[in-house]
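Structural features, examined
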Amino acid sequence: MLGSDVSHPLVSQFGDALRRAGYSEASLRQAVGTSSSLMHDPRGSEVARQRLAAGNALHTLIKAFCLGIPVPRNELTHAVGAATVDYLVRLALVTWEQDTLIPLVAIDAAQDLLIAHDPARRGEPLMGDHVIGLGPAPRTLAALTVRLKARRVLDLGTGSGIQALLALNHCDEVVATDINPRALAYTRFNAALNRLAIPMTRQGNLFEPLAEEAFDLIVANPPYVLSPDSRLRFRDSGMAGDELSRTVVREAARHLTDGGFASILVSWAHGEGEAWQAPLASWVRGVGCDALLLRFRTYDPVTYASLWIKEEPEFAETLDRWLGYYDGLGIRAMSSGAVILRRRSGVNWMRSAQMLSTPIQDASQHLLRIFDASSRLSRMTDIELLEQRFRPHPSHRIHRTGISRGGSYVVEEQYLETIGGVPIRVSLGEFGARLLERLDGNRSLRTLASQLTPTRGMTAGDVARSAVQLVTQLFALGFLEIDGSAVDPRGIVDIDVDRRERSLVTS
Ligand SMILES: C[S@@+](CC[C@H](N)C(=O)[O-])C[C@H]1O[C@@H](n2cnc3c(N)ncnc32)[C@H](O)[C@@H]1O
């Protein structure tokens, strides 16, 4: 069993053997088309197995630890050495039958890290204390984490330890907590597997093991699912509705140092006709933080429940029970997303955006631009804004579609979309497109607005107001920069100066 002896040198040597053989995100993708364990997908793993040669150390390791296929003992011994095989057997990470070794652990790869976790096999119920691998949610949180140099970091609900280990790259001290002791054992095992410092691990419920401690960065991918169950620790919090997400957001704000960031994955219920931002806005109001509210997707109860219970053995009964639960709580719609907080004294701003997809690349720089721009906007009057010289930030592209009419193309739709970072789109009308083409960083917005020919029915005042509105939105979301400005290296700008609060909601 995984226990305190996970930091044994043989664990690090196992990691060395995996790396030496070339077990990495890129090689998994090349060999089997994914960098995540395929154990839950028998057809996918069968297709992948057909591509793997016998006798190749990398392919043996992929078969065992990505596809979950038993391998001949001599092949695994050849790949990692006899002492390591014996040690994996002792830790119950592999077992054996005659000359065959059966893997009981899966290993994912992300960036430069190898992450061991519990295998999930289709048709087999998961254990209550199952420790998850690198599915979309952990990767999304990793991408949405602000990677500033920090002294103390908290990874709440650490699971495999992926977020804690990524934080070691830019932080002095990492504290990883989980209610599940097996998760903390995996975290220590994975630190040793990657030859990294072992994070401080603390077992307990949410923020209880932390008393009044404060952190420069908090990351949390908690069991945010709106669920009537409490069996699966990684999914079910046992708290009613979206109470778990609300609690983590509000408590995280309390545990941040001034200037510290928190990135939290959340799920929340809202009324059918209610703006998706409304519940999140009520959670972050008055917590002493600037807040960026990101929505990934909104679901109806049937779609949402099916997504989370698709591996349950009694699917139909479980679906009925989950839908009855939502009905009882009056939940008609729910969304998933992330809340990014930065603790800051003074009047705080709140901003929201719809994400087109979950980010796959590091969005840290983009998040810093958003926080920097929103803070500048919160203390700038419209008059001052009109004096700024804006220009496009290079991290986006414009999309235009047109239709042929009378021998020329008429623009049907045009929008800006980020390249990398947080995937956001902003639609541009004809006025917006004309304004954007003139934002060259040389002339003030006031000058440019005065040179624009007003479209029918617009006064000069309307043009200036529309220009301020559009530029505010584009600057706040990182599509524009102000000439001569650079993001503060810590992403914190003059925190004492607050002229007025400006909150802009984009959907
Ligand atoms: C969705 S998993 C996320 C794991 C990991 N952070 C990641 O990104 O892959 C949620 C984790 O929260 C832990 N957890 C569940 N309830 C908790 C609680 N009340 N207090 C602390 N951790 C909890 C689970 O054991 C699980 O490891």
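Not measured: the values here are computed from a predicted model.

**Points about the overall build of the chain**
- What the chain contains, in helices and strands, is 18 helices and 19 strands.
- Relative to its length of 507 residues, the chain is compact, with a C-alpha radius of gyration of 25 Å against a globular reference of 23 Å.
- Overall size of the chain, expressed as C-alpha extent along the three principal axes, is 85 × 60 × 50 Å.
- Entry remark: accessible area of the chain is about 21,600 Å², with carbon and sulfur atoms responsible for 51%.

**What about the site of the ligand?**
- As a matter of local geometry, the ligand sits amid 17 residues, with Gly-157, Asp-178, Asn-205, Leu-206 and Asn-221 nearest to it.
- A distance of 2.7 Å is found between a nitrogen atom of the ligand and a side-chain nitrogen or oxygen belonging to Asn-205.
- Between the ligand and Leu-206 there is a distance of 2.8 Å, counted from a nitrogen atom to a backbone nitrogen or oxygen.
- In isolation the ligand exposes 600 Å². Once the protein is present, 95% of that is buried.
- Of the residues belonging to the shell around the ligand, the class tally is seven nonpolar, eight polar and two charged.

**What to know about the domain arrangement of the chain**
- Taken domain by domain, the chain consists of domain 1 (4-117), domain 2 (136-343) and domain 3 (378-505).
- One C-alpha centre belongs to domain 1, the other to domain 2, and the line joining them spans 29 Å.
- Each partner contributes to the interface: domain 1 provides 25 residues, whereas domain 2 provides 16 residues.
- Carbon and sulfur atoms supply 63% of the area buried between domain 1 and domain 2, which totals about 1,700 Å² over both sides.

**What to know about the environment of Ile-102**
- Take Ile-102: it is sitting in strand S3 (residues 100-103).
- Sequence spacing of Ile-102 and Ala-64 is 38 residues, and the spatial spacing of their C-alpha atoms is 7.5 Å.
- Beyond its immediate stretch of four places on either side in the chain, Ile-102 contacts Pro-70, Val-94, Thr-95 and Glu-97.

**So, unusual backbone geometry**
- Its identity as a non-glycine residue notwithstanding, Ala-92 has a phi of 60 degrees, on the positive side.
- Here Ala-92 lies in the loop between helix H6 (82-90) and strand S2 (94-97).
- A positive phi angle, near 40 degrees, is found at Leu-206, a position not held by glycine.
- Tracing the backbone shows Leu-206 in the loop between strand S8 (200-203) and strand S9 (215-220).

**Thoughts on the sheet that holds strand S17 (residues 425-427)**
- Strand order in this open sheet of three strands is S15-S16-S17, and the pairing throughout is antiparallel. Across the chains shown, the open sheet's two edge strands, defined by having one partner strand only, are strand S15 (396-405) and S17. On average, each strand axis in the sheet is inclined to that of its neighbour by 30 degrees, with strand direction left out of account.

**Describing the pattern of salt bridges**
- As enumerated under the stated definition, the model contains 29 salt bridges in all.
- A salt bridge links Glu-25 to Arg-139, with the nearest nitrogen and oxygen atoms 3.3 Å apart. Of this pair, Glu-25 sits in helix H2 (residues 25-32) while Arg-139 sits in helix H7 (residues 136-143), and the two are 114 residues apart along the sequence.
- Its relative accessible area of 19% is what places Glu-25 among the buried residues.
- Under the relative-accessibility criterion, Arg-139 is labelled partly exposed at 23%.
- The residue Arg-202 makes a salt bridge to Glu-213 at a minimum N-O spacing of 2.7 Å. With Arg-202 in strand S8 and Glu-213 in the loop between S8 and S9, the pair connects residues that are 11 residues apart, well separated along the chain.
- A relative accessible area of 22% means that Arg-202 is categorised as partly exposed.
- The exposure class of Glu-213 is partly exposed, given its relative accessible area of 23%.
- Via salt bridges that share partners, Asp-229, Arg-235, Asp-236, Glu-312 and Arg-321 belong to a single interconnected network.

**Focus on the environment of Tyr-186**
- Along the chain, Tyr-186 falls in helix H9 (residues 181-193).
- Using a relative accessible area of 1% as the deciding quantity, one classes Tyr-186 as buried.
- As a C-alpha pair, Tyr-186 and Leu-2 span 184 residues in sequence and 7.2 Å in three-dimensional space.
- Beyond its immediate sequence surroundings of up to four residues, Tyr-186 is in contact with Leu-2, Val-105, Ala-116, His-117, Asp-118, Val-131, Gly-159 and Ser-160.

**Comments concerning helix H4 (residues 57-65)**
- Among the nine residues in H4, eight count as buried, and that is most of the element.
- The N-cap residue of H4 is Asn-56: its side-chain oxygen and the backbone nitrogen of Leu-58 are 2.9 Å apart.

**Points about the pairing of strand S10 (residues 256-270)**
- In terms of burial, S10 is a largely internal element, 13 of the 15 residues being buried.
- Note that S9 and S10 share five bridges and pair parallel. From the neighbouring strand, Val-219 faces S10, where its bridge partner is Ser-263.
- Where S10 meets strand S12 (residues 333-343), 10 bridges bridge the pair, whose relative direction is antiparallel. The residue of S12 that forms the bridge with Phe-261 is Arg-342.

Parameters and conventions
Going along each chain's sequence as written, the residues are numbered from 1 onward. Only residues with pLDDT of at least 70 get local features here, since the model is predicted, and only at 80 or more are side-chain atom pairs given and counted; chain-wide, interface and lining totals rely on the full set of residues. Excluded from the side-chain calculations are hydrogens and water; all other atoms, namely the structure's heavy atoms, are used. Runs of H or I in DSSP of at least four residues are treated as helices and runs of E of at least two as strands, each being numbered from the N terminus. Note on method: radius of gyration uses C-alpha positions; expected globular size equals 2.2 Å times residues raised to 0.38. Using a 1.4 Å probe, accessible areas were evaluated by the Shrake-Rupley method; residue-level cover was limited to the displayed protein chains. One heavy atom suffices: a residue is near a molecule or strand as soon as one of its heavy atoms comes within 4 Å of it. Nitrogen and oxygen atoms within 3.5 Å of one another constitute a polar contact, given that in protein one can donate a hydrogen and the other can accept it, and given that sequence-neighbouring residues count only through two side-chain atoms. When residues are grouped by polarity, Ala, Val, Leu, Ile, Met, Phe, Trp, Tyr, Cys and Pro land in nonpolar, Asp, Glu, Lys and Arg in charged, and all others, Gly among them, in polar. Segment limits for the domains were obtained from an automatic or database-derived domain assignment. Note on definitions: a residue-residue contact is assigned when non-hydrogen atoms from the two residues lie within 4.5 Å. Values labelled buried area give the accessible surface lost by two parts on being combined, using a 1.4 Å probe and summing over both. Paired strands are those between which DSSP finds at least two bridges. To obtain an axis, a line is fitted to C-alpha atoms, over the contacting stretch when the element is a helix, and the angle between two such axes runs from 0 to 180 degrees between their N-to-C directions. In the sections that follow, a salt bridge refers to a side-chain nitrogen of Lys or Arg positioned within 4 Å of a carboxyl oxygen of Asp or Glu. Whether a residue is buried, partly exposed or exposed follows from its accessible area with a 1.4 Å probe, protein chains only, as a fraction of its type maximum: under 20%, in between, or over 50%, in that order.

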